[in-house]
Amino acid sequence: MLFWEDFHEGHVATCGRYVVGREEIVAFARDYDPLPIHLDDSAAEATRLGGLSASGWHLCCIFMRLAADGFLIGSDCLGSPGLEEVRFLKPVHPGTVLSLRRHVLETRSSKSRPEMGLVTFRFELLDTAGEVRTDLVGTILFGRRNPGFRPA
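Residues numbered from 1 in each chain as written. Predicted model: local features only at pLDDT ≥ 70, side-chain atom pairs only at ≥ 80, totals over all residues. Heavy atoms only, no water.

J.: What am I meant to see in the overall build of the protein chain here?
T.: Of the regular secondary structure elements, the protein chain holds 4 helices and 5 strands. Seen in sequence order, the protein chain has helices and strands lined up from the N terminus as β-α-α-α-α-β-β-β-β. Counting only C-alpha atoms, the protein chain reaches 60 × 30 × 20 Å along its principal axes. Within the protein chain, the fraction of its 152 residues that count as buried is 41%. Approximately 8,100 Å² of the protein chain is accessible, and the part contributed by carbon and sulfur atoms is 54%. If you average the places of the 17 positive and of the 20 negative side-chain charges in the protein chain, the two averages end up 5 Å apart. (Helix = DSSP H or I, 4+ residues; strand = E, 2+ residues; numbered from the N terminus. Buried < 20%, exposed > 50% of the residue type's maximum accessible area, 1.4 Å probe, protein only. Areas by Shrake-Rupley, 256 points an atom, 1.4 Å probe, with all protein chains shown as cover. Lys, Arg positive; Asp, Glu negative; His and termini not counted. Charge placed at Lys NZ, Arg CZ, Asp CG, Glu CD.)

This is the structure in structure tokens:
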């Protein structure tokens, strides 16, 4: 089980493997983001994206799946107050294989709730060539192994 104390500024870790499928891109788009670049091969090929591409919101869901499987399920995660940044840097086409890299940017203990601490991360969805396709910055709340302890 991971607790707040297990995260240290500067630490980087990579986890997961997710293959983005064509049918999945179209199904997600049909339900949540019905733009032609996510639904129609011909329309998408005529754009600067160069073909059918996953919705950015779909990529956020893939990020969440990789984060949950990669480290959140095995942690004392208490939720998140939200994301500060989300950037869709390169299109994700069918067959793209993604992994998640996380950088710990900052850790701080909660002043008002000594049983928890906050960790700010930069998350990157990477393709197999190591190119960043999506970049997210957000804070996650974690339970503390030693509630109330404040290092000097």
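J.: When you look at the environment of Glu-24 in this model, what are you seeing that I'm missing?
T.: Positionally, Glu-24 belongs in helix H1 (residues 22-32). Under the relative-accessibility criterion, Glu-24 is labelled partly exposed at 26%. With 122 residues separating them in the primary sequence, Glu-24 and Asn-146 have C-alpha atoms 43 Å apart.

J.: Any chance you could explain the pattern of salt bridges here in plain terms?
T.: Close approach of charged atoms lets side chains of opposite charge pair. Using the criterion set out here, one finds 11 salt bridges in the structure. Ionic pairing is found between Asp-41 and Arg-22, a salt bridge with its closest N-O pair at 2.5 Å. On the criterion of sequence distance, the pair formed by Asp-41 in helix H3 (residues 41-45) and Arg-22 in helix H1 is long-range, its members being 19 residues apart. According to the relative accessible area criterion, Asp-41 is partly exposed, its value standing at 30%. (Salt bridge = Lys/Arg side-chain N within 4 Å of Asp/Glu carboxyl O.)

J.: What's the story with the environment of Phe-142 in this structure? I'm lost.
T.: The residue Phe-142 is located in strand E5 (residues 132-143) in this model. Sequence spacing of Phe-142 and Met-64 is 78 residues, and the spatial spacing of their C-alpha atoms is 16 Å.

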